[in-house]
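Structure assessment
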Amino acid sequence: MVVMSKNPVHSILFLILTFFAIAGHYVLLNAQFLAAVHIIVYAGAIMVLFLFVIMLLNLNEESEPHKSTMLKFAAVISAGILLIVMVGMFKGAETIAASHPHDAGIGMIKNLGKVLFNDFMLPFEVSSVLFLAAMVGAVMLGKKEIK
């Protein structure tokens, strides 16, 4: 329904529903923390931003340029190639899932914290410095110049 909906606001609301379904799959995979973060980040923050952008754009059908048939044909070919790649990817998914035994601790916050702060401590800290630099840059770009 995200793709088929004519109203962009309805499409965004269906996308939020899709994100809740994905979070439900995370819960079924015993990754409760990832499900909660997924709902907070995607359904909470990013989708609200999408809704604001769509509402601020003032989309009118009269002012929207119509796509050429060549562009539509290229989109159909690209979607078909993507479908072939995804079918090929999922074809070997059963063997990967069957080869790994089920571990009850996968996806729990305690194990995630251990891996994050032991094995991936340097990349975690580097990404936090990059986020800090991005925030400072956004503040500097948004600040008015005093003349």
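Let us look at the overall build of the chain. Secondary structure summary: the chain contains 6 helices and 0 strands in total. Start at the N end of the chain and walk to the C end: the helices and strands fall as α-α-α-α-α-α. Relative to its 147 residues, the chain shows a buried fraction of 10%. Here the analysis covers contacts within the chain between residues at least 6 apart in sequence; of these, 52% occur between residues at least 24 apart. Carbon and sulfur atoms form 75% of the exposed surface of the chain, whose accessible area is close to 12,600 Å².

We now examine a nonpolar patch on the surface. A surface patch of nonpolar side chains, about 600 Å² in accessible area, is lined by Phe-33, Val-37, Ile-40, Val-41, Tyr-42, Ile-109 and Leu-112. Among the secondary structure elements, those contributing two or more residues to the nonpolar patch are α2 (32-57) and α5 (109-119). A total of 5 residues in the nonpolar patch trace back to one element, the largest contributor, which is α2. As for its position among the elements, Val-41 is in helix α2.

A few words on helix α1 (residues 8-28). Between the first and last C-alpha of α1 there are 30 Å, a value that for 21 residues agrees with the 30 Å anticipated at 1.5 Å per step. Buried within α1 are the following residues: Ser-11, Ile-12, Ile-16, Phe-19 and Ala-23. For α1, the arc enclosing every buried residue in end-on projection is 145 degrees, short of the 170-degree limit, so these residues lie on one face. Along α1, the residues that are exposed and aim more than 90 degrees away from the buried face are Leu-17, His-25 and Leu-28. Of the residues flanking the end of α1, it is Asn-30, one or two places downstream, whose phi is positive at about 65 degrees.

What follows deals with the packing of aromatic side chains. Tallying each qualifying case throughout the model produces 2 aromatic pairs. For the pair Phe-19 and Tyr-42, a centre-to-centre distance of 5.3 Å together with 40 degrees between the ring planes defines the contact as tilted. With Phe-19 in helix α1 and Tyr-42 in helix α2, this residue pair connects regions lying 23 residues apart in the sequence. Judged by relative accessible area, which is 14%, Phe-19 ranks as buried. Both rings, one in Phe-117 and one in Phe-124, keep their centres 5.0 Å apart while their planes meet at 85 degrees; by these two values the pair is edge-to-face. Judged by its relative accessible area of 43%, Phe-117 is partly exposed. Taking relative accessible area as the criterion, Phe-124 reaches 31% and is therefore assigned partly exposed.

By size, the foremost hydrophobic cluster in this structure holds 7 residues: Ile-12, Ile-16, Phe-19, Ala-43, Met-47, Leu-51 and Ile-54. At the level of elements, α1 and α2 are the ones that each hand at least two residues to this core. Take this core: its biggest share by element is 4 residues, from α2.

This next bit is on the side chain of Ser-5. Relative to the helices and strands, Ser-5 is located in the segment before α1. Polar contacts involving the side chain of Ser-5 include one to the main-chain carbonyl oxygen of Asn-7, which spans 3.2 Å. Beyond its immediate sequence surroundings of up to four residues, Ser-5 is in contact with His-10, Ser-11 and Phe-14.

Quick look at the environment of Phe-19 now. Once the C-alpha coordinates of Phe-19 and Ile-39 are considered, the two residues, 20 residues apart in sequence, prove to be 6.9 Å apart. In contact with Phe-19, not counting residues within four places along its chain, are His-38, Tyr-42, Ala-43 and Met-47.

Here is what the cut-offs are and how they apply
Residues numbered from 1 in each chain as written. Predicted model: local features only at pLDDT ≥ 70, side-chain atom pairs only at ≥ 80, totals over all residues. Heavy atoms only, no water. Helix = DSSP H or I, 4+ residues; strand = E, 2+ residues; numbered from the N terminus. Buried < 20%, exposed > 50% of the residue type's maximum accessible area, 1.4 Å probe, protein only. Contact = heavy atoms within 4.5 Å. Areas by Shrake-Rupley, 256 points an atom, 1.4 Å probe, with all protein chains shown as cover. Patch = residues over 30% accessible without salt bridge, like charges linked within 9 Å, V, L, I, M, F, W, Y side chains within 5 Å. Salt bridge = Lys/Arg side-chain N within 4 Å of Asp/Glu carboxyl O. Expected span 1.5 Å × (residues − 1). Arc of directions from axis to C-beta. Phe/Tyr/Trp six-rings, centres within 6.5 Å; stacked < 30°, edge-to-face > 60°. Core = buried A, V, L, I, M, F, W, Y, C linked by side-chain atoms within 4.5 Å. Polar contact = N/O pair within 3.5 Å; in protein donor to acceptor, adjacent residues only side chain to side chain.

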